[in-house]
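A closer look at the structure
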Amino acid sequence: MTYKIVLIIAAYILELALFLTIPSRRKKLQALCGNKVMDIKNHQSTRVFVIYLFCLIIPAILLIRDFGKAIEFVDCGVAVLAFEMGTRELTLKGHYGVFENALVAGGTIVEYSDIMAFPVLELPEEEQANYDNTSLSIVCNKKGSINVAFDSLEECKAVTAMVRELSGK
């Protein structure tokens, strides 16, 4: 029973530590991206709080039921990892947009210096019609292939034009 208490406390301490990193992550994001050139809509703000809620509940369930040491360890690990995902999303909340040095959208940061190509945009126009016209496919050197979805065709076209201009691709 004492290992459960230690495991639960460790999970909550790690979650608190992750939450406290948000201000420093935002400063790093601002330094990396530069000034905002264009805003992008983000409709995922409530999802973060649902993730946080479940990440606080999951370790507490271990006090009620015995799952075995391995499963209990995995449960706490999953809660901490999900909390990290929520923290990343909360860090980016309000910062979605096209910046001088990077694109922040779809829960990711794409630096212009890392962009290698826009594969769908390099296809002939008749083949481009086979792909979703509200998403932007980007091939990056470090992150691989990334697809960023937008709310509308107009927003996608505006962001695509701005990113291509700023990245020089």
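Relevant structure appears above.
Residues numbered from 1 in each chain as written. Predicted model: local features only at pLDDT ≥ 70, side-chain atom pairs only at ≥ 80, totals over all residues. Heavy atoms only, no water.

Some points on helix H1 (residues 2–20)
Counted at 1.5 Å a residue, the expected span for H1 with its 19 residues is 27 Å, and the 27 Å between its end C-alpha atoms agrees. Among all positions of H1, only Lys4, Leu7, Ile8, Ala11, Glu15 and Leu18 are buried. All buried residues of H1 fall inside an arc of 95° around its axis, so they share one side. What points out from H1, more than 90 degrees from its buried face, is the exposed set Thr2, Val6, Ile13 and Leu20. (Helix = DSSP H or I, 4+ residues; strand = E, 2+ residues; numbered from the N terminus. Expected span 1.5 Å × (residues − 1). Buried < 20%, exposed > 50% of the residue type's maximum accessible area, 1.4 Å probe, protein only. Arc of directions from axis to C-beta.)

Quick look at the packing of H1 against helix H2 (residues 22–33)
For the pair H1 and H2, interaxial distance at closest approach is 5 Å and the crossing angle is 35°. In contact with Leu18, Phe19 and Leu20 of H1, H2 contributes Ile22, Pro23 and Arg25. Its residues assigned to classes, the contact of H1 with H2 comprises five nonpolar, no polar and one charged. (Axes fitted to C-alpha atoms, helices over the stretch in contact; angles between N-to-C directions. Contact = heavy atoms within 4.5 Å. Nonpolar A, V, L, I, M, F, W, Y, C, P; charged D, E, K, R; others polar.)

What about the packing of H2 against helix H4 (residues 69–92)?
At their nearest, the axes of H2 and H4 sit 9 Å apart, and the two run at 50° to each other. Classified by the angle between their axes, H2 and H4 sit oblique to one another. For the crossing formed where H2 meets H4, the hand is right-handed. Contact residues: Ile22, Arg25, Arg26 and Leu29 in H2; Glu84, Thr87, Arg88, Leu90, Thr91 and Leu92 in H4. Considered class by class, the residues forming the contact of H2 with H4 number four nonpolar, two polar and four charged. (Parallel < 35°, antiparallel > 145°, perpendicular 65-115°, else oblique. Left-handed = near helix turned anticlockwise from the far one by under 90°.)

Considerations on the pairing of strand S4 (residues 108–111)
Side chains of S4 alternate between two faces, with Thr108 and Val110 buried and Ile109 and Glu111 left unburied. By the bridge criterion, four bridges tie strand S3 (residues 102–105) to S4 in an arrangement that is antiparallel. Of the residues in S4, the one forming a bridge with Leu103 is Val110. If you look at the hairpin formed by S3 and S4, you'll find two residues sitting between the two strands, and Gly106 has a positive phi there, around 60°. (Pairing = 2+ DSSP bridges.)

Some remarks on the pattern of salt bridges
Evaluated as defined, the whole model comprises six salt bridges. Ionic pairing is found between Lys4 and Glu72, a salt bridge with its closest N-O pair at 3.4 Å. Within this pair, whereas Lys4 is found in helix H1, its partner Glu72 is found in helix H4, the two being separated by 68 residues in sequence. Assigned by exposure class, Lys4 and Glu72 land together as buried. Here Glu84 ties to Arg25 by a salt bridge, and the two come within 2.8 Å at their closest N and O atoms. (Salt bridge = Lys/Arg side-chain N within 4 Å of Asp/Glu carboxyl O.)

Examining the sheet that holds S3
Across the sheet, four strands lie side by side as S1-S2-S3-S4; this open sheet has antiparallel pairing. In this open sheet, the two edge strands, each paired with only one partner strand, are strand S1 (36–39) and S4. Neighbour-to-neighbour, the strand axes of the sheet open up by a mean angle of 15°, direction not taken into account. Relative to S3, strand S2 (residues 97–99) runs antiparallel, the two being bridged by two bridges. Its bridge partner lying in S3, Val98 is registered against Leu103.

Thoughts on the packing of aromatic side chains
Under the criterion given, the structure shown has two aromatic pairs. Seen from their ring centres, Tyr52 and Phe83 are 4.2 Å apart, and the 20° between their planes marks the pair as stacked. Highlighted residues: Tyr52 in helix H3 (residues 45–64) and Phe83 in helix H4, separated in sequence by 31 residues. Accessibility classification places Tyr52 together with Phe83 in one group, the buried group. By way of ring pairs, the aromatic residues Phe19, Tyr52 and Phe83 are connected into one cluster. Between Lys69 and the ring centre of Tyr3, over which it is positioned, the NZ or CZ distance is 5.0 Å. (Phe/Tyr/Trp six-rings, centres within 6.5 Å; stacked < 30°, edge-to-face > 60°. Lys NZ or Arg CZ within 6 Å of the ring centre and 35° of its normal.)

As far as function goes, none of this settles anything; it's purely spatial.
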